[in-house]
Amino acid sequence: MKKSILFLIFAFVFSAANAQLFSFGIKGGVNDNSNGKMRDVSGFSDDIEVKSDSETGYHFGVFGEINLPIWLYIRPELNYTHTESSYDLDGYKHTLEMNKIDVPVLAGLQVLHWGRIFAGPVFSYIMDSDLSSSAAFDNVKTGESDDYGVNGQIGIGVEILKKFGADLRYEVGFSDTEATFEGDPSGTSQNGVVRIDTDPEQVILSFYYKF
(Lines give C-alpha, C1' and ligand atoms only; values in the text may rest on other atoms or scores of the structure.)
Protein backbone atom coordinates (compact mmCIF):
# COMPACT_ATOMS: atom_id res chain seq x y z
CA MET A 1 0.00 0.00 0.00
CA LYS A 2 2.78 2.44 0.97
CA LYS A 3 4.67 1.59 -2.23
CA SER A 4 1.55 2.29 -4.28
CA ILE A 5 1.09 5.71 -2.62
CA LEU A 6 4.75 6.60 -3.16
CA PHE A 7 4.47 5.52 -6.80
CA LEU A 8 1.38 7.68 -7.33
CA ILE A 9 3.09 10.70 -5.75
CA PHE A 10 6.17 10.18 -7.90
CA ALA A 11 4.04 9.74 -11.03
CA PHE A 12 2.11 12.95 -10.25
CA VAL A 13 5.27 15.02 -9.69
CA PHE A 14 6.90 13.57 -12.81
CA SER A 15 3.80 14.26 -14.91
CA ALA A 16 3.46 17.78 -13.52
CA ALA A 17 7.11 18.55 -14.27
CA ASN A 18 6.80 17.23 -17.83
CA ALA A 19 3.63 19.23 -18.33
CA GLN A 20 5.38 22.32 -17.00
CA LEU A 21 2.96 22.46 -14.09
CA PHE A 22 5.74 22.42 -11.51
CA SER A 23 8.84 24.61 -11.23
CA PHE A 24 11.37 25.46 -8.55
CA GLY A 25 13.92 28.17 -7.93
CA ILE A 26 16.05 30.22 -5.57
CA LYS A 27 15.32 33.59 -3.97
CA GLY A 28 16.73 36.27 -1.71
CA GLY A 29 16.19 39.83 -0.60
CA VAL A 30 15.86 42.31 2.23
CA ASN A 31 13.25 42.90 4.92
CA ASP A 32 12.45 45.98 6.99
CA ASN A 33 11.49 44.68 10.44
CA SER A 34 9.71 46.26 13.35
CA ASN A 35 9.61 43.17 15.57
CA GLY A 36 11.27 43.86 18.89
CA LYS A 37 8.65 46.26 20.21
CA MET A 38 8.62 46.60 23.98
CA ARG A 39 5.79 44.71 25.64
CA ASP A 40 6.61 45.22 29.31
CA VAL A 41 9.33 46.74 31.49
CA SER A 42 9.48 46.03 35.22
CA GLY A 43 11.85 46.06 38.20
CA PHE A 44 13.14 49.63 37.88
CA SER A 45 12.87 52.23 40.61
CA ASP A 46 11.97 55.06 38.23
CA ASP A 47 9.86 55.27 35.11
CA ILE A 48 11.96 54.80 31.98
CA GLU A 49 11.34 55.87 28.41
CA VAL A 50 11.29 53.20 25.68
CA LYS A 51 11.49 53.81 21.92
CA SER A 52 11.71 51.08 19.27
CA ASP A 53 12.89 51.40 15.65
CA SER A 54 12.88 49.09 12.64
CA GLU A 55 16.09 47.84 11.03
CA THR A 56 16.95 46.09 7.75
CA GLY A 57 17.49 42.33 7.68
CA TYR A 58 17.85 39.76 4.90
CA HIS A 59 16.58 36.38 3.74
CA PHE A 60 17.37 33.67 1.19
CA GLY A 61 15.93 30.29 0.33
CA VAL A 62 14.31 27.95 -2.18
CA PHE A 63 10.76 27.50 -3.45
CA GLY A 64 8.53 25.30 -5.54
CA GLU A 65 5.56 26.40 -7.61
CA ILE A 66 2.59 24.31 -8.72
CA ASN A 67 0.54 25.85 -11.52
CA LEU A 68 -3.20 25.21 -11.40
CA PRO A 69 -5.97 25.94 -13.91
CA ILE A 70 -7.31 29.47 -14.46
CA TRP A 71 -3.95 31.15 -13.72
CA LEU A 72 -3.84 29.97 -10.11
CA TYR A 73 -0.75 28.63 -8.38
CA ILE A 74 0.51 27.36 -5.01
CA ARG A 75 4.01 28.26 -3.86
CA PRO A 76 5.64 26.66 -0.80
CA GLU A 77 8.99 28.17 0.28
CA LEU A 78 11.80 27.36 2.69
CA ASN A 79 13.69 30.48 3.80
CA TYR A 80 16.43 31.43 6.22
CA THR A 81 15.56 34.86 7.65
CA HIS A 82 17.70 37.26 9.68
CA THR A 83 15.87 40.16 11.34
CA GLU A 84 17.12 43.09 13.38
CA SER A 85 15.30 45.61 15.55
CA SER A 86 16.73 48.38 17.68
CA TYR A 87 15.36 50.35 20.59
CA ASP A 88 16.44 53.09 22.95
CA LEU A 89 16.04 52.66 26.68
CA ASP A 90 16.78 55.88 28.56
CA GLY A 91 19.38 56.87 25.95
CA TYR A 92 21.02 53.43 25.62
CA LYS A 93 20.70 51.71 22.23
CA HIS A 94 20.05 47.98 22.08
CA THR A 95 19.76 45.76 18.99
CA LEU A 96 17.80 42.51 18.91
CA GLU A 97 18.88 40.04 16.19
CA MET A 98 16.91 36.92 15.35
CA ASN A 99 17.63 34.00 13.00
CA LYS A 100 14.63 32.03 11.81
CA ILE A 101 13.48 29.32 9.45
CA ASP A 102 10.33 30.48 7.64
CA VAL A 103 8.00 28.26 5.60
CA PRO A 104 5.46 30.35 3.66
CA VAL A 105 2.68 28.45 1.85
CA LEU A 106 1.21 30.95 -0.58
CA ALA A 107 -1.74 30.80 -2.96
CA GLY A 108 -1.69 33.23 -5.85
CA LEU A 109 -3.30 34.48 -9.02
CA GLN A 110 -1.37 35.34 -12.18
CA VAL A 111 -2.46 38.59 -13.84
CA LEU A 112 -1.76 39.34 -17.54
CA HIS A 113 0.98 36.65 -17.64
CA TRP A 114 3.51 38.88 -15.86
CA GLY A 115 1.82 40.16 -12.69
CA ARG A 116 0.68 38.26 -9.63
CA ILE A 117 -1.08 38.71 -6.32
CA PHE A 118 -0.84 36.22 -3.45
CA ALA A 119 -1.42 35.52 0.24
CA GLY A 120 -0.98 32.73 2.74
CA PRO A 121 0.31 31.57 6.12
CA VAL A 122 3.96 31.48 7.23
CA PHE A 123 5.18 28.86 9.71
CA SER A 124 8.21 30.17 11.58
CA TYR A 125 10.83 28.66 13.89
CA ILE A 126 13.18 30.96 15.83
CA MET A 127 16.60 29.29 15.91
CA ASP A 128 18.33 31.86 18.10
CA SER A 129 18.20 35.47 19.27
CA ASP A 130 20.92 37.81 20.41
CA LEU A 131 20.86 41.19 22.09
CA SER A 132 23.79 43.57 21.68
CA SER A 133 23.76 46.49 24.07
CA SER A 134 25.85 49.25 25.57
CA ALA A 135 24.69 47.83 28.93
CA ALA A 136 24.87 44.04 29.04
CA PHE A 137 22.02 41.82 30.19
CA ASP A 138 22.63 39.06 32.73
CA ASN A 139 20.31 36.56 31.11
CA VAL A 140 18.28 36.01 27.97
CA LYS A 141 15.20 33.81 27.99
CA THR A 142 13.10 32.61 25.08
CA GLY A 143 10.57 30.05 26.26
CA GLU A 144 10.11 26.91 24.20
CA SER A 145 6.53 27.86 23.35
CA ASP A 146 7.85 31.18 21.98
CA ASP A 147 10.18 29.54 19.45
CA TYR A 148 7.36 28.70 17.04
CA GLY A 149 4.96 31.12 15.41
CA VAL A 150 2.35 31.43 12.69
CA ASN A 151 2.34 34.59 10.58
CA GLY A 152 0.55 35.80 7.48
CA GLN A 153 1.79 37.32 4.23
CA ILE A 154 0.12 39.24 1.43
CA GLY A 155 1.86 40.69 -1.60
CA ILE A 156 2.19 41.56 -5.27
CA GLY A 157 4.86 40.62 -7.79
CA VAL A 158 6.09 40.75 -11.37
CA GLU A 159 7.76 38.10 -13.50
CA ILE A 160 9.94 38.54 -16.60
CA LEU A 161 10.43 35.84 -19.25
CA LYS A 162 9.06 33.19 -16.86
CA LYS A 163 12.47 33.07 -15.16
CA PHE A 164 13.21 36.26 -13.23
CA GLY A 165 10.84 37.86 -10.79
CA ALA A 166 10.42 40.19 -7.83
CA ASP A 167 7.72 40.61 -5.22
CA LEU A 168 6.84 42.95 -2.38
CA ARG A 169 5.18 41.49 0.72
CA TYR A 170 3.74 42.57 4.03
CA GLU A 171 3.99 40.11 6.91
CA VAL A 172 2.28 40.24 10.28
CA GLY A 173 2.41 37.81 13.22
CA PHE A 174 -0.61 35.88 14.48
CA SER A 175 1.09 34.15 17.43
CA ASP A 176 1.91 35.53 20.86
CA THR A 177 5.72 35.25 20.93
CA GLU A 178 8.22 37.14 23.03
CA ALA A 179 11.80 37.28 24.31
CA THR A 180 12.64 38.13 27.92
CA PHE A 181 15.86 39.88 28.95
CA GLU A 182 16.82 40.13 32.60
CA GLY A 183 19.48 42.30 34.21
CA ASP A 184 20.53 45.90 33.69
CA PRO A 185 19.24 47.13 30.30
CA SER A 186 19.56 50.83 31.21
CA GLY A 187 23.07 50.76 32.71
CA THR A 188 21.90 51.90 36.12
CA SER A 189 22.77 48.73 38.09
CA GLN A 190 19.13 47.90 38.64
CA ASN A 191 17.67 44.41 38.45
CA GLY A 192 15.10 44.88 35.70
CA VAL A 193 13.14 42.71 33.30
CA VAL A 194 12.36 43.67 29.69
CA ARG A 195 9.82 41.67 27.69
CA ILE A 196 9.96 42.18 23.92
CA ASP A 197 7.24 41.27 21.44
CA THR A 198 8.94 39.15 18.72
CA ASP A 199 5.89 38.84 16.46
CA PRO A 200 7.04 40.00 13.01
CA GLU A 201 5.66 43.07 11.32
CA GLN A 202 7.75 43.64 8.24
CA VAL A 203 7.90 44.66 4.60
CA ILE A 204 9.78 42.13 2.45
CA LEU A 205 11.39 42.71 -0.96
CA SER A 206 12.43 39.50 -2.75
CA PHE A 207 14.09 38.62 -6.05
CA TYR A 208 13.96 35.11 -7.49
CA TYR A 209 15.07 32.91 -10.37
CA LYS A 210 13.24 29.85 -11.69
CA PHE A 211 15.13 26.90 -13.13
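Preceding block: the structure.
## What to know about unusual backbone geometry
Thinking step 1. Residues other than glycine seldom take positive phi values, yet isoleucine 70 does so here, at roughly 60°.
Thinking step 2. Within the secondary structure, isoleucine 70 sits in the loop between strand 3 (50-68) and strand 4 (72-89).
Thinking step 3. Residue class for isoleucine 70 comes out exposed when judged on its relative accessible area of 62%.
Thinking step 4. Phi at tryptophan 71 takes a positive value of approximately 65°, unusual for a residue other than glycine.
Thinking step 5. Following the sequence through the fold, tryptophan 71 ends up in the loop between strand 3 and strand 4.

## Topic: the nonpolar core
Thinking step 1. Core analysis: the largest hydrophobic core is formed by seven residues, namely Tyr87, Leu96, Met98, Ile126, Leu131, Val194 and Ile196.
Thinking step 2. Secondary structure elements with two or more residues in this core: strand 5 (92-111), strand 6 (115-133) and strand 11 (192-197).

## Some remarks on the pairing of strand 8 (residues 148-160)
Thinking step 1. Here 10 bridges tie strand 8 to strand 9 (residues 164-173), and the two strands are oriented antiparallel to one another. By the bridge assignment for strand 9, isoleucine 154 is matched with tyrosine 170.
Thinking step 2. Between strand 8 and strand 9, which pair antiparallel one after the other, the connecting turn spans three residues, and leucine 161 there sits at a positive phi close to 60°.

## Section: the packing of aromatic side chains
Thinking step 1. Evaluated as defined, the whole model comprises six aromatic pairs.
Thinking step 2. Look at phenylalanine 63 and tyrosine 208: their rings are 5.5 Å apart centre to centre, the planes differ by 80°, and that puts the pair in the edge-to-face class. Taken together, the residues phenylalanine 63 in strand 3 and tyrosine 208 in strand 12 (residues 201-210) connect sequence positions 145 residues apart. Tyrosine 208 matches phenylalanine 63 in its accessibility class, with the two residues each being buried.
Thinking step 3. Note on tyrosine 209 and phenylalanine 211: the rings are 5.3 Å apart at their centroids and 90° apart in plane angle, and the pair reads as edge-to-face.
Thinking step 4. Look at tyrosine 209 and you get partly exposed, because its relative accessible area is 29%.

## Brief notes about the side chain of glutamate 77
Thinking step 1. Relative to the helices and strands, glutamate 77 is located in strand 4.
Thinking step 2. Reaching out from glutamate 77, the side chain makes a polar contact with the side chain of lysine 27 at a distance of 3.1 Å.
Thinking step 3. In contact with glutamate 77, other than residues within four places in its own chain, are Lys27, Val62, Phe63, Asp102, Val103, Pro104, Leu106 and Arg169.

## Let's talk about the pattern of salt bridges
Thinking step 1. Applying the stated rule across the entire model yields nine salt bridges.
Thinking step 2. Here glutamate 65 and arginine 75 are joined by a salt bridge, their closest N and O atoms 3.6 Å apart. Pair noted here: glutamate 65 is in strand 3 and arginine 75 is in strand 4, with a separation of 10 residues, a long-range link.
Thinking step 3. For glutamate 65, a relative accessible area of 0% translates into the label buried.

Calculation criteria
- Residues numbered from 1 in each chain as written.
- Predicted model: local features only at pLDDT ≥ 70, side-chain atom pairs only at ≥ 80, totals over all residues.
- Heavy atoms only, no water.
- Helix = DSSP H or I, 4+ residues; strand = E, 2+ residues; numbered from the N terminus.
- Buried < 20%, exposed > 50% of the residue type's maximum accessible area, 1.4 Å probe, protein only.
- Core = buried A, V, L, I, M, F, W, Y, C linked by side-chain atoms within 4.5 Å.
- Pairing = 2+ DSSP bridges.
- Phe/Tyr/Trp six-rings, centres within 6.5 Å; stacked < 30°, edge-to-face > 60°.
- Polar contact = N/O pair within 3.5 Å; in protein donor to acceptor, adjacent residues only side chain to side chain.
- Contact = heavy atoms within 4.5 Å.
- Salt bridge = Lys/Arg side-chain N within 4 Å of Asp/Glu carboxyl O.

Everything listed is a geometric property; what it means functionally is a separate question.
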